[in-house]
Amino acid sequence: MKRVFLLFIVFNSIQMLHAQYTEIINSKRPGFSESPYSVGTNVYQFETGLFYRTSTRETAFSKPNTIGGELFFRYGKFYEKLEFNAKVAYQRDEVYNILGANYTINGISQLTIGAKYLFYQQEYTDKSKEIRSWKKRTAFDKKRLIPSVGAFVGVNTNFLGKDFKENELSIKAAVLLQNDFSSRLVLITNLIADKILSDSNEYSYIATMTYALSYKWSYFIENQGIFEKMATPKFHFGTGAAYLFSDNLQLDASIRTNFFEDYSFLYSSIGVAWRLDRHSDEIIIKSSPRDQLTKKRKRRKKGNFFSRLFKKKH
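Residues numbered from 1 in each chain as written. Predicted model: local features only at pLDDT ≥ 70, side-chain atom pairs only at ≥ 80, totals over all residues. Heavy atoms only, no water.

Colleague: I'd like a description of the overall build of the protein chain, backed by residues and values.
Modeller: Counting its secondary structure elements, the protein chain contains one helix and 14 strands. Residues counted as buried form 45% of the 314 residues belonging to the protein chain. The long-range share in the protein chain, meaning contacts at least 24 apart out of those at least 6 apart in sequence, stands at 60%. In the form shown here, the protein chain has an accessible surface area of approximately 16300 Å², with 62% of it arising from carbon and sulfur atoms. (Helix = DSSP H or I, 4+ residues; strand = E, 2+ residues; numbered from the N terminus. Buried < 20%, exposed > 50% of the residue type's maximum accessible area, 1.4 Å probe, protein only. Contact = heavy atoms within 4.5 Å. Areas by Shrake-Rupley, 256 points an atom, 1.4 Å probe, with all protein chains shown as cover.)

Right, dumping it as structure tokens:
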């Protein structure tokens, strides 16, 4: 079925590899959750932003104000379903001092290196060929309730500023799920175990619902829950939008807060995602059993403008 706004164009191929690549950039920003799909082979993608956080919490060594920047680098290599990535964050924190004036600390607060792989890609029924029944052609595909599944494994390094150093290296792992309920509505769910093998391990979930308002604009809402040892669970809520400036450039803004803790905070962010596209597909064309021709070329596959919205191969 032909999709409105060209969000989910079918990846046409002749015995082509299952592709993660899309003609239009697919970015993780501005939400915190991550899709199970990679950027595609030979694609270099840079997702960066500035953030500001303010909090009413005034306990010992709390941080009422934080400002910083982050860079998420993504690179596809070897397989379409495989992606290598690295995230680095630099921030300046105001530390609440119960004995006197507040003071500030700054430095690299996060440097995580890892990889993700798509293990299961859900296929959907092509109803465009159903011409006998309008009801069947427009009926909801129950297979959309079964998500595509990917996994992430990474290392939280200790190459951090002296005020942010941990006692040891730790592991981060996540299960990445994606449900495409329609050509405009997508749900991303992440189940995360962070700081594994350390004394401060934590578990969390992130659920992000994204809706395409138009070909250029996308909107999301997000819920995040964080569970730590000897600490009250934290629940955060966020929203934001992304704008497709060009095929390889996306602009975004977001804001998030909490409602169910003994203090409140406000987190805001603006950012940009840009990619250097060196992708090419391997296409095998069989003219006869004895005569096969393999070609590599730059194939422009049309897809989404936002990380949550891109069509998989039928």
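Colleague: How would you explain the sheet that holds strand β11 (residues 249-258) if you had to name every residue and give the values?
Modeller: One closed barrel accounts for twelve strands, arranged β1-β2-β3-β4-β5-β6-β7-β8-β9-β10-β11-β12; its pairing is antiparallel. Across this sheet, the average inter-strand angle for adjacent strands is 20°, counted without regard to direction. Of the pairings in the sheet, the one linking strand β3 (residues 82-95) to strand β4 (residues 103-120) comprises 14 bridges and is antiparallel in character. Paired with lysine 87 across the two strands is threonine 112, which belongs to β4. (Pairing = 2+ DSSP bridges. Axes fitted to C-alpha atoms, helices over the stretch in contact; angles between N-to-C directions.)

Colleague: Explain the packing of aromatic side chains residue by residue, including any values.
Modeller: If you walk through the whole model with that rule in mind, you get eleven aromatic pairs. Plain terms: the ring middles of phenylalanine 32 and tyrosine 267 are 5.7 Å apart, the flat faces sit at 80° to each other, and that makes the pair edge-to-face. In this pair, phenylalanine 32 sits in the segment before β1 (43-55) while tyrosine 267 sits in strand β12 (residues 265-277), placing the two residues 235 residues apart along the sequence. Take phenylalanine 32: its relative accessible area is 27%, and that puts it in the partly exposed class. Pairing phenylalanine 46 with phenylalanine 73 gives two aromatic rings, centres 5.1 Å apart and planes at 45°, and the pair type is tilted. In this pair, phenylalanine 46 is assigned in strand β1 and phenylalanine 73 in strand β2 (residues 65-76), connecting sequence segments 27 residues apart. With relative accessibility at 31%, the residue phenylalanine 46 sits in the partly exposed group. According to the relative accessible area criterion, phenylalanine 73 is partly exposed, its value standing at 27%. Counting every residue linked through ring pairs, the aromatic cluster contains Phe32, Phe51 and Tyr267. Just above the ring of phenylalanine 265 sits the side chain of arginine 53; from NZ or CZ to the centre is 4.6 Å. A cation over a ring is seen here: arginine 256 above phenylalanine 32, with NZ or CZ 3.6 Å from the ring centre. (Phe/Tyr/Trp six-rings, centres within 6.5 Å; stacked < 30°, edge-to-face > 60°. Lys NZ or Arg CZ within 6 Å of the ring centre and 35° of its normal.)

Colleague: Report on the pattern of salt bridges, specifying residues and quantitative values.
Modeller: One pass over the full model with this rule turns up eleven salt bridges. Across the salt bridge formed by lysine 63 and aspartate 93, the nearest N and O atoms sit 3.1 Å from each other. Of this pair, lysine 63 sits in the loop between β1 and β2 while aspartate 93 sits in strand β3; the two residues are 30 residues apart in sequence, bridging distant segments of the chain. Lysine 63 sits in the partly exposed class, given a relative accessible area of 31%. (Salt bridge = Lys/Arg side-chain N within 4 Å of Asp/Glu carboxyl O.)

Colleague: Go over the nonpolar core, please, and point to the residues and values.
Modeller: Counting residues in hydrophobic clusters, the biggest one holds five residues: Phe152, Ala174, Leu176, Ile192 and Ile206. Every residue in contact with leucine 176, bar those within four places of it in the chain, is listed here: Glu34, Ser35, Pro36, Lys116, Ser148, Val149, Gly150, Ala151, Phe152, Thr189 and Asn190. (Core = buried A, V, L, I, M, F, W, Y, C linked by side-chain atoms within 4.5 Å.)

Colleague: Break down the pairing of strand β10 (residues 234-246) for me, with residues and values.
Modeller: Pairing of strand β9 (residues 217-228) with β10, which is carried by ten bridges, proceeds in the antiparallel orientation. What sits directly across from serine 218, in β10, is alanine 242. Count of turn residues in the β9/β10 antiparallel hairpin: five residues, of which methionine 230 carries a positive phi of about 55°. One ladder, built from ten bridges, connects β10 with β11; its direction is antiparallel. Looking at the pairing, glycine 238 lines up with arginine 256 of β11. Counted between consecutive antiparallel strands, the loop separating β10 from β11 contains two residues.

Colleague: Tell me about the environment of isoleucine 192, and please be specific about residues and values.
Modeller: As for its placement among the helices and strands, isoleucine 192 is situated in strand β7 (residues 185-196). In the structure, isoleucine 192 is positioned 40 residues away from phenylalanine 152 in sequence and 9.1 Å away in space, judged by C-alpha atoms. Those residues in contact with isoleucine 192, other than ones at most four positions away along the chain, are Lys172, Ala173, Ala174, Glu202, Tyr203, Ser204 and Ile206.

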